Amino acid sequence: MGKLEKNSIVSRRSVLSGGAAAVGGAALSGLATEANAQVPTRWDRTADLVIVGAGVSGLSAACEAAEHGASVIAIDMNFDIGGHGIMSGGQLHLGGGNAHQKLEGVTDSPDSVFKDWTRHDHRAARYSDRDLVRIFADWNVDTYDWLLKQGVKYETGMQQSAASTVPRQFRTIEWHIPSEVISPRRNRNGSGLVRPLANSARAKGVDIVLNTKMTKLIREQPLSGRVLGITAQGPNGPINIQARKGVLLCTGGHTDNVNLRRTFDPRLTEEYQVACSAYSPQSGDGEIAAMDVGASLWATANQTAEAGTAITKTRHIGCQWGYNSLVYEPDSPLFPKARAMGLTVEDFQNIIMVKENGLRFFDETRSGYDFFAACMSWSGDPQKLNGGGPIWAIFDQAAVTRERWKTEPPYVDLSGWFFKGDTLKELADNIAGPYQRRKMNPAVLEETVAKFNAGIDSGKDEFGRKALNFKIAQPPFFAAWTTPILHDTLAGLHTNTNAQVVDRKGEVIPALYCAGESMGGFAQHGLARCIIFGRVAGRHAATGRVASAL
Amino acid sequence: MDEKKAGSAIRLGLTKAPPSSIDAGAEFSVSVGLEWPGGMGPDGATYRILDGKKTITSGALPKPSEDGSVAFALTAPASAGEHRWLLTVAKDENDAGKRAEGALPLALTIVPHATSLAVWDVPSPVVRGAKFVVKAGAKCTASCGFGGREIEIRDEAGELMGSAPLGTITWEGTASLYWATLQLKAPRKQELHAWTLSFSPSETDLPHEGATSRFSFVTVPEPEHSVSVKVVNTKTKAPIPNAQVRLGLYRAVTDETGAAKIPVPKGKFPLIVTRVGYEIPERNVLVSKDVRVRIAAEQLPEEDPFATWTA
Ligand SMILES: Cc1cc2nc3c(=O)[nH]c(=O)nc-3n(C[C@H](O)[C@H](O)[C@H](O)COP(=O)(O)OP(=O)(O)OC[C@H]3O[C@@H](n4cnc5c(N)ncnc54)[C@H](O)[C@@H]3O)c2cc1C
């Protein structure tokens, strides 16, 4: 750390006295409080940069801004840091010719990164804002090195994926303290990204304030002037935090906000769960607060481009949050909330899937967006035209034996996500989950299974399924929640290349930034773009220098 | 209202009505709110439930819950149909010897117990004319014991193909599925058959509705040759056990040595082999003598990069 940073920590400490809820900060000086009732008369806390959300983008921004001399307060509504990042697999998508690539013998350059992630022939790339992708590409190599300096460690090996035409994907190493991993031993390698970042941030004097939820942004005038700070709900009530240089929204996207997600895709009604919301829900708070002060959305096509894993097939069935990799074991601090680990499906030919009406709708062994579209197609419920309703995996005892499942807690959640019956009729009678709006007609389920079984005999399946080897016949019978689960946000607030939020007229909202999944414009899934634009925002807020001048 | 005489009336109202239909003989409950005439309370009150003149149950009024309502745990009549019961509540007043009374009719719809069925371990394909066995079971919604009662299987034309009494022990893993093994004989005609299991319990203590359940199997000609399939890993040549083999209508699973042997008649059969984690090409097998088929299965990358991307 240079002298400048040290000095700034000293000056910052003098401002940031006291703990999370320290009250009685500086009185607001000289601002037109009379003219705008929403500007508070007193600020409880003050910092150069106020970051909302201490997840991947927020922590990256905090480290970067502190390194460049800014005082930083980062609040998070959760009881711990990390957001989705701590539950992530820690797969980083960084190339550009970094040291890892050199070690693996991969030739790459920032230009190649740019070209790949603006490809016209790849859905995860074609709709992106190329100005943002350019900045991303140019910051790849530096970010690889920068993360090492923050204490992040990488596994060896590299993979090629998504729009990239060369290997660029590698993993962080899971954090070494299991109690700080949230869901240990299940490839939650992202803990090895966010824990070092949080430690690094704290060492640089960043004040991370937990259990504190931003409720609104404070702008000089409702739709004009600078953003001055935020109002947040802390453990001891509401507080106002003043931001001298800027507020940065890093709230992680909108996927848990049913109304906001339906802005992009009206099919995504309430029954679709979100991977990770047992830990940190993607509230859409950042987007909504920013739109309240005039911000606009950007590159919304990315959310519905049908690329990548915005929606995923459930691999751990019979529990509420059965994402394809995330499993909460009973010793996870989140287990009381998650309630079950789920039954891991090895082979999807062991099940059929039916809608809430008891009818099959697609080849169960397939996945992808045609499968999801079929899941979300109308089930025939006259009271619910959008969304497809719950999807249940139906299977018999023979499938349980083949899969070596244990159909009991802690594997399954008996509070509405897993059911059993001696016969198919009894099974249908028992199904009554929170999103099962109508009773499943037992005769329909019996007929569905009889038809499927006849297809096993004849080798012809009404949905063209090829794997036809096992009937569903041996009692008892089971129904496990297997409705597709949502995963990430790929469209959000409009920003420029400095991560400054842009309003509906296309003008920068002074002192308001956004990074991470809440930021629109670049459809790359996951950590890398969140880290890089977190850094870009932190740097610009601290120094005022434009992002291209890396 | 007519307060003076009302000194003797207890007002009753349902706070939890009986279920819209109740299994014959099943337990159910109703809750009743009570309004006592001036100064009176539930202490010492009694109740009686009448079916016409017959007393169903009577006794001291159960203790009211916090909201003041009284819950009655009851057993439904054993015969199906509409039943009208009368709940009466009475209390003798100590001093004046005045008696307070109230009554509430209870309309009950009693239904026979529903039953449901399962048929399993049905072999398919079955050689035409061959004997085969299946398992079949019956279940009562109220878990009544069905041991000893007959179940039967009929073909598409309604002809009886087999019957057996249900055993007295329930099928493993079920709450109360009574089951039996049935001996059957496959028809000569080669086709997909849809037969029906039926169960109509009679002379049970409580009324039951019968049930039917359809199951299918396909009949094939006598085998003449065998197809021996061996599934190996393309790269390592290691045998792949537990691969599912489908040869036309015939199904098998490979053993530890990656092998499965299927007896078949002459003909041309599409061969589909599936195994999670492998890509296996489909092909046709022409059978005019015993045939050996070696299938090379390409192992997919341990995890699809896209899957690890979101891992
Ligand atoms: C199971 C899973 C596996 C994944 N695996 C990978 C992977 O291997 N590779 C990859 O690249 N990506 C992966 N991802 C995606 C990656 O984790 C996210 O893209 C990334 O964490 C998003 O960063 P973010 O900063 O935008 O949000 P987050 O990291 O989610 O942080 C947002 C934070 O904001 C807080 N917050 C929200 N609203 C408020 C408010 N009003 N006030 C205060 N705080 C608020 C939240 O509590 C949270 O801590 C995975 C995601 C999941 C769910």
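Residues numbered from 1 in each chain as written. Chains lettered and ligands numbered in written order. Predicted model: local features only at pLDDT ≥ 70, side-chain atom pairs only at ≥ 80, totals over all residues. Heavy atoms only, no water.

Draft legend 1. Representation of the overall build of chain B in the model. Across its full length, chain B holds two helices and 24 strands. Against the globule reference of 19 Å for 311 residues, chain B gives a C-alpha radius of gyration of 33 Å, more extended than a compact globule. Considered along the principal axes of its C-alpha atoms, chain B spans approximately 105 × 60 × 30 Å. Residues counted as buried form 42% of the 311 residues belonging to chain B. Looking at chain B alone, contacts between residues at least 24 apart form 58% of all its contacts between residues at least 6 apart. Summing over all exposed atoms, chain B offers an accessible surface of approximately 16,300 Å²; the carbon and sulfur share of this is 50%. (Helix = DSSP H or I, 4+ residues; strand = E, 2+ residues; numbered from the N terminus. Rg over C-alpha atoms; globule rule 2.2 N^0.38 Å. Buried < 20%, exposed > 50% of the residue type's maximum accessible area, 1.4 Å probe, protein only. Contact = heavy atoms within 4.5 Å. Areas by Shrake-Rupley, 256 points an atom, 1.4 Å probe, with all protein chains shown as cover.)

Draft legend 2. Spotlight on the domain arrangement of chain B. Considered domain by domain, chain B is made up of domain 1 (2–111), domain 2 (115–220) and domain 3 (225–299). With centres defined by C-alpha atoms, the gap from domain 2 of chain B to domain 3 of chain B works out at 33 Å. (Domains from an automatic or database assignment.)

Draft legend 3. View of the side chain of A:T269. Residues and elements named next belong to chain A. Note on placement: T269 falls in the loop between α8 (258–264) and α9 (285–292). When its relative accessible area of 4% is taken as the criterion, T269 is described as buried. Excluding residues that lie within four positions of it along the chain, T269 makes contacts with V258, R261, R262, K384, N386 and G387.

Draft legend 4. Representation of the packing of aromatic side chains within the structure. Residues and elements named next belong to chain A. Under the defined criterion, the tally for this structure stands at 29 aromatic pairs over all chains. Note on W392 and F419: the rings are 5.5 Å apart at their centroids and 75° apart in plane angle, and the pair reads as edge-to-face. On the criterion of sequence distance, the pair formed by W392 in strand β14 (residues 391–396) and F419 in strand β15 (residues 418–421) is long-range, its members being 27 residues apart. With relative accessibility at 10%, the residue F419 sits in the buried group. One aromatic cluster is present, built from ring pairs that chain together F361, F362, Y369, F371 and F372. In this structure, K355 packs its charged tip against the face of F361, placed 5.3 Å from the ring centre. Over the ring of F470 we find R402, and its NZ or CZ is 3.6 Å from the ring centre. (Phe/Tyr/Trp six-rings, centres within 6.5 Å; stacked < 30°, edge-to-face > 60°. Lys NZ or Arg CZ within 6 Å of the ring centre and 35° of its normal.)

Draft legend 5. Layout of the interface of chain B and chain A. With 39 residues of chain B at the contact, the number on the chain A side is 45 residues. For the pair chain B and chain A, the two sides together bury roughly 3,300 Å², of which 53% comes from carbon and sulfur. One can count four salt bridges joining chain B with chain A. Across the pair A:D422 and B:K139 runs a salt bridge whose closest N-O atoms are separated by 3.1 Å. (Buried area = accessible area lost by both parts, 1.4 Å probe. Salt bridge = Lys/Arg side-chain N within 4 Å of Asp/Glu carboxyl O.)

Draft legend 6. Representation of the site of the ligand within the structure. Residue and element names in this part refer to chain A. In the vicinity of the ligand there are 40 residues, among which S57, D76, D285, E517 and L527 approach most closely. Between a nitrogen atom of the ligand and a main-chain N or O atom of M77, the distance comes to 3.1 Å. One nitrogen or oxygen atom from the main chain of G85 is found 3.0 Å from an oxygen atom belonging to the ligand. The set of elements that each furnish at least two residues to the shell around the ligand consists of α2 (56–67), α3 (83–87), β6 (213–221) and α15 (527–543). Examining the composition of the shell around the ligand, we find that four residues originate from one element, α3, more than from any other. Of the residues assigned to the shell around the ligand, the class counts are 14 nonpolar, 21 polar and five charged. (Near = heavy atom within 4 Å. Polar contact = N/O pair within 3.5 Å; in protein donor to acceptor, adjacent residues only side chain to side chain. Nonpolar A, V, L, I, M, F, W, Y, C, P; charged D, E, K, R; others polar.)

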